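Structure assessment
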Amino acid sequence: MRDDLLSVLACPVCSEPLARTAPGQAGCANGHRYDEAKQGHLTLLPARRRALTADTPEMVDARLRFLGRGHYAPVERALSSVVADVSAPGVVLDVGSGPGTYLAHALEGTASPGRPAGRLGVALDLSAVAVRRAARIHPHVGAVVGDVTERLPVVDRAGAVVLDVFAPRNQHEYARVLHPEGVLVVVTPRAGHLAELAAATISVDPEKERRLHDSLTPAFALRSSEDLTWTMSLTAEDVHDVVHMGPSHHHVAPDTVFAPETVTASVTVSTWTPAR
């Protein structure tokens, strides 16, 4: 973990900022200590938390393979464009980051005269497998195992940008950790997303747009919304990976054989600002 990212992180016990306390260890002023994993990440889970299902190694590997082939490049470009335009101070916080692929793309192009090295980023996910990968995805990224449904282990107003890409949303925590001039970026699937794979994927809730609005108001106000639709020519391996990189993994037999497909991707990229 980069030392210059530790002060952005908060103790999950007392919420005090963290600092380097010894080589390979971070802690707060109240004496709570956290050992850094050999891969470079920290585990900052609350002492008591709900039992939740994290991404498995198979899901993480499938996501890295699929995204690594550039199939979701339109999403990556959209995120990079939004982040590059944000002027607020702070880090880019990717909540429900998975292995950090979207965060790594979002950090590209963030260099400016006042920030020649670009922004720093924090990848936060419940899956220790995913966070181990995220810790090495980009030299400006620090990675944390945390529960996105609870109080985030991040200090108040630390984020210039909060990314939520196909992840659960935590309205009140996003509002707490985001700088008043910062931006929340949310990517959600639209009706018709991966429609050709309907038999093997979880369908999109037709009420998803309403639920998105309900999940972020009144703490946030919608600033912009862009619908992206593109066609992907997928090999059998690609189809396998896109099915198994998300929740559908738990419902489809791992040895299912898929044929090549021309598949439609359709998502909404929306930006939100703290309500005043």
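Data block above holds the structure.
Residues numbered from 1 in each chain as written. Predicted model: local features only at pLDDT ≥ 70, side-chain atom pairs only at ≥ 80, totals over all residues. Heavy atoms only, no water.

Section: the overall build of the protein
Our working definition: Starting at the N terminus, helices and strands are each numbered in turn, a helix being any DSSP run of H or I of at least four residues and a strand any DSSP run of E of at least two. Exposure is judged per residue with a 1.4 Å probe applied to protein chains only, and the accessible area is read against the type maximum: over 50% gives exposed, under 20% gives buried, and values in between give partly exposed. It only takes one pair of heavy atoms within 4.5 Å for two residues to be counted as in contact. With residues, only the protein chains shown are counted as cover, and all accessible areas are computed by Shrake-Rupley using a 1.4 Å probe.
If you tally the helices and strands in the protein, you get eight helices and 11 strands. The C-alpha extent of the protein, read off along each of the three principal axes, is 55 × 40 × 35 Å. A total of 276 residues make up the protein; the buried ones form 53% of that total. Taking as baseline every contact in the protein between residues at least 6 positions apart, the subset at least 24 positions apart corresponds to 68%. A total of about 12400 Å² of accessible surface is found on the protein, and carbon and sulfur atoms cover 51% of it.

Thoughts on helix α3 (residues 73-84)
Our working definition: Multiplying 1.5 Å by the residue count of a helix minus one yields the expected span of that helix.
Between the first and last C-alpha of α3 there are 16 Å, a value that for 12 residues agrees with the 16 Å anticipated at 1.5 Å per step. When you tally the buried positions in α3, you get nine out of 12 residues, the bulk of the element.

Structural notes on the nonpolar core
How we decide: Here, the term nonpolar core denotes a set of buried Ala, Val, Leu, Ile, Met, Phe, Trp, Tyr and Cys residues that are joined through side-chain atoms within 4.5 Å.
Membership of the largest hydrophobic core comes to 45 residues, with the highest contact counts inside it found for Tyr-72, Leu-79, Leu-163, Met-232 and Val-242. Take this core: its biggest share by element is five residues, from α3. Non-local contacts of Leu-163, meaning those with residues more than four positions away in its chain, are made with Leu-79, Val-83, Val-92, Leu-93, Asp-94, Val-95, Leu-103, Ala-106 and Val-185. Counting 36 residues, the second-largest nonpolar core is a separate cluster that includes Leu-44, Val-154, Val-155 and Leu-212.

Some words on the sheet that holds strand β3 (residues 33-35)
Spelled out, the test is: Any two strands are treated as partners once DSSP identifies two or more bridges connecting them. Note on geometry: axes are lines fitted to C-alpha atoms, helical ones only across the stretch in contact, with angles between N-to-C directions running from 0 to 180 degrees.
Here we have three strands laid out as an open sheet, ordered β1-β2-β3, and antiparallel in their pairing. Because the sheet does not close on itself, it has two edges, and the strands there are β1 (19-22) and β3. Put simply, the sheet's adjacent strands are angled 40° from each other on average, direction ignored. Pairing of β1 with strand β2 (residues 25-27) involves three bridges; the strand directions are antiparallel. Bridge pairing in β2 places Arg-20 opposite Ala-26.

Section: the pattern of salt bridges
Using the following cut-off: Each reported salt bridge corresponds to a side-chain nitrogen of Lys or Arg within 4 Å of a carboxyl oxygen of Asp or Glu.
Enumeration over the complete set of coordinates arrives at 11 salt bridges. Asp-3 is the salt-bridge partner of Arg-20, the closest N and O atoms lying 2.8 Å from each other. Taken together, the residues span a long stretch of sequence, with Arg-20 in strand β1 and Asp-3 in helix α1 (residues 3-6) at a distance of 17 residues. Residues joined in a network through salt bridges with shared partners are Arg-65, Arg-69, Asp-238 and Asp-241.

Some words on the state of the cysteines
Put simply, the rule reads: Two cysteine sulfurs form what is called a disulfide whenever their separation falls within 2.5 Å.
Counted under the stated rule, the structure contains zero disulfides. Cysteine Cys-11 shares no disulfide, and the gap to the nearest cysteine sulfur, in Cys-14, comes to 3.7 Å. Unpaired in terms of disulfides, Cys-14 finds its nearest cysteine sulfur in Cys-28, a separation of 3.5 Å.

Notes on the packing of aromatic side chains
The criterion, for reference: We call Phe, Tyr and Trp rings a pair once their centres come within 6.5 Å, taking the six-membered ring for Trp, and we label the pair stacked below 30 degrees between planes, edge-to-face above 60, and tilted otherwise.
Under the counting rule described, the total for this entry stands at three aromatic pairs. With a centroid separation of 6.2 Å and an interplanar angle of 55°, the aromatic rings of Tyr-72 and Phe-166 are classed as tilted. Highlighted residues: Tyr-72 in the loop between α2 (57-68) and α3 and Phe-166 in the loop between β8 (159-165) and α6 (171-177), separated in sequence by 94 residues. On the basis of relative accessibility, which here comes to 36%, the residue Phe-166 falls in the partly exposed class. Ring centres of Tyr-72 and Trp-230 lie 5.8 Å apart, and the angle between their planes is 90°; on these two criteria the pair is classed as edge-to-face. Highlighted residues: Tyr-72 in the loop between α2 and α3 and Trp-230 in strand β10 (residues 220-234), separated in sequence by 158 residues.

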